[in-house]
Amino acid sequence: LPLCFPQKLWKMLESDQFQSIWWSEGGKCVAINKDLFKVEVLGRGVHQRVFDTRHIKSVIRQLNLYGFTKMQQDFQRSASLPEFLSEEAAASAHSQVLYYYNPSFNRAHPWLLGMCKRR
């Protein structure tokens, strides 16, 4: 069976393959470097695609459909050094970094993933 959107997102976050998306806020938020994501994820060839779209707006629509809410960037920085450095690198590159939160999408609680249902 094909994976649903939250499962694909989780696999991407847990993979070392993507630099444009990472866990933020200690595994409670998803951070997306919008410009890099467009190239790295949405710009892939047909057979390597993660999502069935080439548009960031479609991915954001899916996030919203699955109950993710956009967070402001002014919350506290990550405590772990790799996360902090990747957030800083993204910010210093003047790229737009999007942060999304869903209470049922938490790195420390993978069993909650099943509760991420489409609205």
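Calculation notes
- Residues numbered from 1 in each chain as written.
- Predicted model: local features only at pLDDT ≥ 70, side-chain atom pairs only at ≥ 80, totals over all residues.
- Heavy atoms only, no water.
- Helix = DSSP H or I, 4+ residues; strand = E, 2+ residues; numbered from the N terminus.
- Buried < 20%, exposed > 50% of the residue type's maximum accessible area, 1.4 Å probe, protein only.
- Core = buried A, V, L, I, M, F, W, Y, C linked by side-chain atoms within 4.5 Å.
- Contact = heavy atoms within 4.5 Å.

Caption draft 1: The arrangement of unusual backbone geometry in detail. Phi is positive for Glu25, close to 50 degrees, though the residue is something other than glycine. The residue Glu25 is located in the loop between strand 1 (21-24) and strand 2 (29-33) in this model. For Glu25, a relative accessible area of 24% corresponds to the partly exposed category.

Caption draft 2: Representation of the nonpolar core in the model. Counting 26 residues, the largest nonpolar core has Leu9, Ile21, Phe37, Phe51 and Phe105 as the members making the most contacts within it. Listed by contribution, the elements that provide at least two residues to this core are helix 1 (5-14), strand 1, strand 2, helix 3 (56-65) and strand 4 (97-101). Among the elements that line this core, the one with the most residues is helix 1, at 5 residues. Sequence-distant contacts of Ile21, that is, excluding residues within four places in its chain, are made with Leu9, Met12, Leu13, Val30, Ala31, Ile32 and Phe37.

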